[in-house]
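So you can see what is in the structure, the chains are spelled out below.
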Amino acid sequence: MRLLSTIVACLALAGLVARGSAQDQSFREEPDSVAVRQGETVTLTCAIDNVAGIVQWTKDNFALGSDRALPGYPRFTITGDVNRGQYNLLVQDTLLEDDGTYQCQASPTENQQGIRSQNAQLTIYLPPDNPVIEEGSSVSVIAGQPKNVTCRADNGKPAATLTWWKDGQEITEGITYITEDAGEKRKNGVSILTLNPSVDDHGKVLTCQSSNPAMDANKETTTQLNVEHTPVVVVQSDPPLVEEGSSVSLSCESRANPGEVNYQWKKNGVVLAGENGQVLRLNNVRREDNLQVFTCDATNAVGTNSANITLSVQYGPEPLKTTGQVIVDRGTSATLVCKWSGNPSPTIMWTKKGSSSVLGTGDTLTFPIVDQSHSGTYQCTAVVPGSGEDSREVVLVVNGPPIISSFEVQYASSGDEGQIECLSSNSPPPSRMAWTWNGIMLDTGTEGRFTAEQRDVHGGRLSVLTVSKVQAGDFAEYNCTVWNRLGLTSKIITLRQKEPLPLAAIVGGAVAGLVLILVIVLLVFVFCHRRRKKQDGQETPPKEKVEIIHRDHEAAKDKVPPPPPQRKYYITADYDDRDYSSKTSLGAPPPWTPPGGTYQDYKNGNLYSNPYNNYSSYPAVSEHSYERASIASRASRASEAQKKPRMMTHV
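First, a word on what this report is: a plain description of the structure on this page. (Residues numbered from 1 in each chain as written. Predicted model: local features only at pLDDT ≥ 70, side-chain atom pairs only at ≥ 80, totals over all residues. Heavy atoms only, no water.)

**Remarks on the overall build of the protein chain**
Regarding its fold elements, the protein chain presents four helices and 48 strands. Within the span of the protein chain, comprising 651 residues, buried residues form 37% of the whole. Here the contacts in the protein chain between residues at least 6 apart in sequence split such that 63% fall between residues at least 24 apart. A total accessible area of about 36000 Å² is found for the protein chain, and carbon and sulfur atoms account for 50% of it. (Helix = DSSP H or I, 4+ residues; strand = E, 2+ residues; numbered from the N terminus. Buried < 20%, exposed > 50% of the residue type's maximum accessible area, 1.4 Å probe, protein only. Contact = heavy atoms within 4.5 Å. Areas by Shrake-Rupley, 256 points an atom, 1.4 Å probe, with all protein chains shown as cover.)

Below, the structure written as structure tokens:
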């Protein structure tokens, strides 16, 4: 039977040619590649239109036969509706031996060409053995030394995929994966992990996980890392920032496996004899101790490890380097340098002299492109919190074409000697300065009544054109041209007639000056007078004022003559502890007399008695005769305050 099938297949293959026209037999559906686990059932589809020849299946180019029952292959069957041209291959309870390449074919006839389908790969999956880590359940490693750890899963189809995990985090680097032939289409999967263990890996768990299409779930195995390492050392300072003259403690903390540790201290690499504890005590530290390096060596069975600390002693800013003066050409870059030491590190700020605006911070101030406006003096100020500040100056000189800073209009008087000045005030200094006017060019020397001279002055170079016995035609425009290596600049300077000062302006100025002097003298006099009065105690804040008008004329008829009807006099009483004589212009006042006593005329010295004890009304007084009045309530308060009343008259 197998021989007959082979003969039929050969005849069919011998007649196969390219596909024919639409009326020839052709595939409506061709088989596709498929993969299944061993023991599963699979169907490879094949449907042909206009079937004319014999239809059969081949496996790895070997004919299985055309009988739908496929004798000799009990798990293989051709299924489907023949009338619809269906010739599907059904494979039940698949085995590893079913793995191969399958094809559906139709043999040629006298009028039809033979056809064959595309190849369909049937892949049978087999699960691998459980994964195994060859080093066992614990792996001893030394920190910093590479170590290979191997995991394998054998007899899979395809070979098992192996992945590594460390404490739940997948490892993707340092892995080498290989496969080994296990026979009968099986493969062994081998994964080699190259570890570079660190101190922090001690006690962590390595996991090897295997997977394969034939497996329902991944499988894994684990091992634990035992990382031996030299001590991990940390040195700390207490306090972190030390003031001069104080003390500081340096502590050496370590973590090691094995854990037995010995210590040794060094200063700048030199062993400190007897200092083999975890704490190093330093007393009375000095500024010179700043930035000194102290080292703690910690040793265990694996080896020695060290840690350093640089001592920090606080002090104020000290200049280290400044560029002083920087000279650059216009259009280039400029960098100003100002370096300081200090502890804590100084905060450095840059300003331009005369301005408080901060231009930058740090050791350097850089201008990418400069022009002549950048020229000037810059200040770098270093500030150390709690320790003061200091500053230095850096001068920036920007070379550029000449700058002429003279006045555009200058003056001279007819008949006198006149001078026209041209000042070039920038860097680099001019290589030439020349005057041109009326077709004449003169650098230095004399041309007729004109003489040109040049000299260096503060701020630049000055060219002076002197005109002897200035004439009317000399009042004109003069061109001053200045050259230097970066270019040239010209400026038109106009010489004009100096006008005499008008007489009215002279007189007005003199009068204004005199008035100003008088005002100043008056202000000084007033100031001195008021100050003297204040020193003499004659200026006091105004106190209570009482207006007293003597209205009872009948009672005063036999005492004083009646006053003129058109005038009244008022007496205001101020209470003070000083004499009030300077407060009246009517003569020296009489001494104080209690109510009901005798009063003296201010001018004439006449004596008058005061019969008005209730002080509800007062007699009028004449122009030359004044009566002194008192008020009981006011006098009582004044008496209690031990003050004298001062009389001030108001008309």
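**A short note on the nonpolar core**
One finds Ile48, Trp57, Leu64, Phe76, Leu89 and Tyr102 to be the most contacted residues of the largest nonpolar core, which totals 22 residues. For this core, the secondary structure elements donating two or more residues are strand E3 (42–44), strand E5 (55–59), strand E7 (76–79), strand E8 (88–91), strand E9 (100–106) and strand E11 (120–125). Among the elements that line this core, the one with the most residues is E9, at three residues. Every residue in contact with isoleucine 48, bar those within four places of it in the chain, is listed here: Gln25, Ser26, Phe27, Arg28, Val55, Arg84, Gly85, Cys104, Ala106 and Ile115. Counting 19 residues, the second largest nonpolar core, distinct from the first, contains Val242, Cys252, Cys296 and Ala307. (Core = buried A, V, L, I, M, F, W, Y, C linked by side-chain atoms within 4.5 Å.)

**Remarks on the sheet that holds strand E43 (residues 477–484)**
With mixed pairing, five strands are arranged side by side in an open sheet as E36-E44-E43-E38-E39. Two strands lie at the open edges of the sheet, namely strand E36 (409–412) and strand E39 (440–442), each paired on one side alone. Looking at each pair of strands side by side, their axes are set apart by 25° on average, direction ignored. The pairing of strand E38 (residues 432–437) with E39 spans three bridges and is classified as antiparallel. Bridge assignment links tryptophan 435 to a residue of E39, and that residue is leucine 442. (Pairing = 2+ DSSP bridges. Axes fitted to C-alpha atoms, helices over the stretch in contact; angles between N-to-C directions.)

**Points about the side chain of asparagine 188**
Considering the arrangement of structural elements, one finds asparagine 188 in strand E18 (residues 186–195). Residue classification places asparagine 188 among the buried positions, given a relative accessible area of 10%. One polar contact links the side chain of asparagine 188 to the main-chain amide nitrogen of asparagine 155, over a distance of 2.8 Å. Look past the residues within four positions of asparagine 188 in its chain and what remains in contact with it is Arg152, Ala153, Asp154, Asn155, Ala159, Ile178, Thr179, Glu180 and Ala182. (Polar contact = N/O pair within 3.5 Å; in protein donor to acceptor, adjacent residues only side chain to side chain.)

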